Each structure stands twice: as structure tokens, then as C-alpha cells.
Amino acid sequence: MAAIGKVLRDRLAAAFETVTGSTVDPVLRRSRHADFQADGALALPGDRREIAAAVARAARLDDLCAKVEVAGPGFVNLTLADAALDRMLAEAAADERLGVSTVDPETVVVDYSGPNAAKEMHVGHLRSTVIGDAAVRVLEYLGHRVIRQNHLGDWGTNFGMLVEHYVDGGVIDESDLSAFYAAARRRFEADEAFRERARRRVILLQGGDADTIALWRSLVGVSRRYLLGVYDRLGVRLREGDFAGESTYNAELDGIVAHLRERGLLRVSDGAECAFPAGFATRDGAPLPLIVRKADGGYGYAATDLAALRYRVEELKATRLLYVVGAPQRQHLAMVFAVAEAAGWLAPPVRAQHVAFGSMLGTDGKMLRSRTGGAIRLTELLDEAVTRAGAAEVGMGALKYADLSTDRIKDHVFDFDRMLALTGDTGPYLQYAHVRTRSIIRKGGAEAAGGAFAVADPAEHALAVELLGFPGVVEHVGETLEFHRLTGYLYGLATAFTAFFERCSVLRAPEPARGGRLALCHLTARTLRTGLDLLGIEAPERM
Ligand code: ARG
């Protein structure tokens, strides 16, 4: 079954073609005066009202619309027929996937979370984890093969200092990684002898010294356990097997550089081997380097990203690569993609997409800080969400919903009071709307799902139109990864349900209205639950 929007768009496009002799986008959207309106005539030359009227006459919409009218400067207003709504609702209800069609399956790699070992996750990683998990869920629902990759920062010169502090008996505690990191850092800054040992330790680590590797592995292991605990609390789909830390690519890095060198893509600058992808310049217009191999011979973040990209394309056979990474890394990723294209690793049909997001700010508009002014600890943030909400699924749901309902590219203001409100565009409001649908269904008894749709009242009509919008929204979000479109849709659905419920009695209505209304409640419940699940938010039965 095609989504309602697509059916209308196709029919209108055919009518525009008949009238104008060319291909015209009907520009279909929801309308305040009818169910939908098509604004395609507005962009055309000539008498636009006349064109709209001709399109309205030519369009074959008898089976779908009760009214097709021209309004204003040339809008075509469409009102769906109740009988058509009944038919389409029945189709959606009979479909396990609520009318969402399966796509041509692709292999999609979603790179998300990406915290750093031996450090605590920060709120940026939280955003990546929440947004990435929603991406995984939506793409899996659409039928894609999704491979999760947690690009854990588990390698680099920092580990010299960390391993050395560990050797000296530094205690690393899963519940407070930042204390360990800070202690190592303090010694590194204060103590020249320690610094020297740390430097030698890096060389041992890079050389694969067995004892050093064992120590490093144990440090990273503690971090992984901590992270798995956080993922579990958040209810995200990241598992142990999804860790693909930076160290995974160590053995590939020589080959990466050799390949780039052979292709003439590297130039030595200040002793470092750099790529200068076309189109990237410094402020003064000089070519901008992407450092692939540092002057000391070591490899950094960029080399690892190139190796990971090649692995995802060549070994994992992905055709779509998503990077759920903060907006400040836009240039880094754009340069990595450009170099990968030049190297021949990234070419159509494979596409790489930076799913960027803004910073998490406090209500004062500044970077989020704890009450004492220090960096905020993620576990405390989660604890507070749950305590304030009174239930884990409500607290986590509120937190995720607040994040996903802001246009992700914008900075996100973290505000417990707002996100936990029971009214307005919040997680708890949506969960509560679902609870209400479930409670009616429970009271409606066994026959609740069995009734035939019988849309008659304007509030039923409005709810029906909302319900039929679900497939179009999910398909759109699968492409754009604009999750606020899905939250906006669900909020609209919950609002339409509330209006329906205030106006139409369900359980006390005579048949067939009662059965039809229960069927509407049922489909609303399923749509809310499925939509929330796509966002990684639970839909409890009671609240
Ligand atoms: N560990 C990085 C950070 O904390 C994020 C990794 C993002 N993924 C990537 N492939 N670069 O900023």
C-alpha cells in the first residue's frame, strides 16, 4: 500500500501533466481549510486560478475525495471522503507494518556513540547515542541491513600516560572513570619523570609489547563495561559486538598511507604527510591539510577514519555510511570523505552522510554544567531524569524525546522541567496519550479490535487523516534522518486523538460507531507505540 500522500501526489501530477503538457510538482501539503492542498499551480506562468481549476477537473480523485475545490490564488483543496478513509484505515490496520512499504534494502553502517575509553561519556556522546539509535531503528524498520559501529576512541598517545598510571596502582573504577583520567593527567603535568615514562610507554604500546597491550586491554575493558552499562540503561541497541574501536584499524594504517602516496595524494608539510583535498582552504586561502601521518611517524584520527571508511565499504559492503557526530567535526568528516573519493574508496552508489548535531546547552544558554559548575556526569544526569520522572521508562523517554524533537543541527537546550511536562510536545505527553488509548481498549473488551472503521464525525475524520500519514513520515525520516519530523507527527497524532476523545464518546456510543471508534483507538495505540519505538522510547501500558 502506498502512503496517502504519494497516491494523491501521483494523481495530481498526472492531472498537471494533462493540463500543462509538462511535468509539474503538485506541491502537496496538509491544509488548514481542507485535508490537503496542492500549490503546484502557483509557480506556473499564466492564469494560475484557471490552471488550478483545470487540474481540479482533470484529476481522477473520485474514489478518494469528497471535495476538490480551487481557493485563493490557485490552491487545489482536497477533502478526503469518509468511505475512502475507512478503506485505507482498514488496509493500514491489517498490515503489520502499518502501511510502511519495504524499501530496496541497502547495507547501512551507522557510526554512533563513539565515546573515548578511560573517560566518561559526555553529553555530546549522549546525543550521538540517542540520535544514532533512532537512525538504526528507523532504517531497520524500513527493511535495510543495518550495521552498528561504535568507533570507540581506544588508541593514541594518551594511553601512554594512562597505562603508566595504571601500572603505578592507579585505581580505575567503572563508576567514576573521570577520576582515573584526571589523576593520570595531573601526574603527567606535574612530574617530568612520569612524562618520560609515559612517552616510553607509548612506544611500547605502538610496538605491540605484550605486557603493555595486556594492561591497555584491561583499561579499555573497564571502559567497555561502563559503556555497556550506560547503553543498557538507555535501552539502545548497541552491544559488545558493535564496538569497532580506533585500534581495530592499526594494522591497516600503513597500507592506507601507501595507497594514498602511490596515488600522489600526499605531500610532506612540516614533517607530516598530509592530503590537501580540493575545495578546502584555511582562512587566508591556503590549501588545508588533513594530516594522515604525523611528523613522529604516528597515525592520528584522520588515518583511522580513512581505514574505517574503506573497511565499511570493502569488507562490510555498505552502500550508505552514516556518521552521527557533532557539528564541530563537519570539516574533518568532509575532508575524510573528499580524500576517500580521491583514493577511490568512496564512489557512487556508495554515499557518506554526516548526521550532524548541535551542542547540548543548559537553560542559561551556556555549555551544560553540573550545579557545582564542573563537567556534568552522564550517570548523574540519567539518575536525575529517572528520579524526577518517577519511572525509568518515563525519564529516559523524556530525555530522548527532548533531544530528538529539536532540529538536530541546532543546539539543544537541556531543561528537565520542560522535557518532563505532561502537556505539550514532550515524551511523557506522548506516553500518556498511548496509556489513554490502551485504557479504553482494555475497557472495550475482547471485540475492541474487531470493529469496522466508520468515520463520520469531523474529529474522527481528522484523526483518520493523521493516522494515514504515518508511512510517509517514516519513509521521509529514513532518508533525511530528521527525527523531529517523526516527533512532530506523533505529537499531531496525539493531539488529534485528544480532540477526538473529548468530542466522541467511545464506549457508550451505539454500534456501529462504538466498534469504529474502538478501531480508531486501536490503530492510534499501535501507531503511537510503533512511532515511539522507532525513537527508542518505551510505551508503557500504564503510567
Ligand atoms: N571519539 C570521537 C569523539 O569523541 C567521536 C568518533 C566519531 N566517529 C568517527 N568515525 N570519527 O569526538
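Bear in mind the structure is a predicted one, so any value in this text is a computation, not a measurement.

Draft legend 1. Up close: the side chain of Asn150. Residue position: Asn150 is located in the loop between strand S6 (145-149) and helix H5 (158-167). On the basis of relative accessible area, Asn150 is assigned to the buried category, the value being 1%. The contacts of Asn150, once residues within four sequence positions are left out, are Tyr112, Ser113, Gly114, Pro115, Tyr231, Leu238, Asp242, Phe243, Ala244 and Gly245.

Draft legend 2. Geometry of the environment of Arg526. Its place among the elements puts Arg526 in helix H19 (residues 513-534). Classification of Arg526 as partly exposed rests on a relative accessible area of 26%. As for Arg526 and Asp111, which are separated by 415 residues in sequence, their C-alpha atoms are 30 Å apart. Residues contacting Arg526, with those up to four places away along its chain left out, are Ala92, Ala93, Asp95, Glu96 and Leu98.

Draft legend 3. How the structure looks around the pattern of salt bridges. Counted by the stated rule, this structure contains 38 salt bridges. Here Arg185 ties to Glu189 by a salt bridge, and the two come within 3.0 Å at their closest N and O atoms. Taken together, the positions of Arg185 and Glu189, both in helix H6 (residues 177-190) and four residues apart, correspond to about one turn of that helix. Overall, the relative accessible area of 54% leaves Glu189 in the exposed class. Between Arg438 and Glu541 there is a salt bridge whose closest N-O contact spans 3.1 Å.

Draft legend 4. Quick look at unusual backbone geometry. Following Pro348, the chain continues into Pro349 via a peptide bond in cis, with omega recorded as 10°. Locating Pro349 in the fold gives a position in the loop between helix H11 (330-343) and strand S11 (351-357). A cis geometry characterises the amide bond from Glu511 onward to Pro512, with omega recorded as 5°. Tracing the backbone through its elements, the reader meets Pro512 in the loop between helix H18 (483-503) and H19.

Draft legend 5. Quick look at the site of the ligand. Taken together, the residues surrounding the ligand are Asp111, Gly114, Asn116, His125, His151, Tyr301, Asp305, Tyr323, Val325 and Gln329. Here Asp305 contributes a side-chain N or O atom positioned 2.8 Å from a nitrogen atom of the ligand. The separation between an oxygen atom of the ligand and a polar side-chain atom of Gln329 is 2.9 Å. Considering the ligand on its own, with 350 Å² of exposed area, one finds that the protein chains cover 88% of that surface. Secondary-structure elements contributing two or more residues to the shell around the ligand are helix H10 (301-314) and strand S10 (320-326). Looking at the shell around the ligand residue by residue, the classes come out as three nonpolar, five polar and two charged.

Draft legend 6. Expanded view of the environment of Pro289. Tracing the backbone through its elements, the reader meets Pro289 in the loop between strand S8 (272-275) and strand S9 (290-293). Pro289 sits 135 residues away from Gly424 along the chain, and the two C-alpha atoms are 47 Å apart.

Draft legend 7. Representation of the side chain of Thr530 within the structure. Within the secondary structure layout, Thr530 lies in helix H19. Among all residues touching Thr530, those that are not within four sequence positions of it are Leu98, Tyr141 and Phe470.

Draft legend 8. View of the packing of helix H9 (residues 253-262) against H10. It is the contact of H9 with H10, at a shortest axis distance of 9 Å, that shows an interaxial angle of 90°. One finds that H9 runs roughly perpendicular with respect to H10. In this structure, H9 uses Leu253, Ile256 and Leu260 to contact H10, whose residues at the interface are Ala303, Thr304, Leu306, Ala307 and Arg310. Of the residues that constitute the contact of H9 with H10, the class distribution is six nonpolar, one polar and one charged.

Draft legend 9. Layout of the sheet that holds S6. In space, the four strands of this open sheet follow the order S6-S5-S10-S11, with parallel pairing throughout. Since the sheet does not close on itself, it has two edges, and those belong to S6 and S11, each with one partner. Ignoring which end each strand starts from, the neighbouring axes of this sheet average 20° apart. In terms of strand pairing, strand S5 (residues 107-111) meets S10 through four bridges, oriented parallel. Looking at the pairing, Val109 lines up with Leu321 of S10. Across the sheet, H11 is in contact with S10 and S11; its angle to S11 comes to roughly 175°.

Draft legend 10. Main features of helix H3 (residues 82-94). Taking 1.5 Å per residue as the helical rise, H3 with its 13 residues ought to reach 18 Å, and the 18 Å between its terminal C-alpha atoms agrees with that figure. Those residues of H3 that fall on the buried side of the exposure criterion are Ala84, Leu85, Asp86, Met88, Leu89 and Ala92. Where H3 is buried, its residues contact helix H1 (4-20), strand S4 (75-80), helix H16 (458-467) and H19.

Draft legend 11. Quick peek at the sheet that holds S9. What the three strands build is an open sheet, ordered S7-S8-S9; its pairing is antiparallel. With partners counted over all chains shown, the strands left at the sheet margins are strand S7 (266-269) and S9, one partner each. The mean inter-strand angle of the sheet, taken between neighbouring strand axes irrespective of direction, is 45°. Alignment of S8 against S9, held across three bridges, turns out to be antiparallel. Its bridge partner lying in S9, Ala275 is registered against Leu290.

Draft legend 12. Molecular detail of the state of the cysteines. This model, assessed by the stated rule, comprises zero disulfides. Left without a disulfide partner, Cys521 is nearest to the cysteine sulfur of Cys504, which lies 9.7 Å away.

Conventions and cut-offs
Residues numbered from 1 in each chain as written. Predicted model: local features only at pLDDT ≥ 70, side-chain atom pairs only at ≥ 80, totals over all residues. Heavy atoms only, no water. Helix = DSSP H or I, 4+ residues; strand = E, 2+ residues; numbered from the N terminus. Buried < 20%, exposed > 50% of the residue type's maximum accessible area, 1.4 Å probe, protein only. Contact = heavy atoms within 4.5 Å. Salt bridge = Lys/Arg side-chain N within 4 Å of Asp/Glu carboxyl O. Near = heavy atom within 4 Å. Polar contact = N/O pair within 3.5 Å; in protein donor to acceptor, adjacent residues only side chain to side chain. Areas by Shrake-Rupley, 256 points an atom, 1.4 Å probe, with all protein chains shown as cover. Nonpolar A, V, L, I, M, F, W, Y, C, P; charged D, E, K, R; others polar. Axes fitted to C-alpha atoms, helices over the stretch in contact; angles between N-to-C directions. Parallel < 35°, antiparallel > 145°, perpendicular 65-115°, else oblique. Pairing = 2+ DSSP bridges. Expected span 1.5 Å × (residues − 1). Disulfide = S-S within 2.5 Å.

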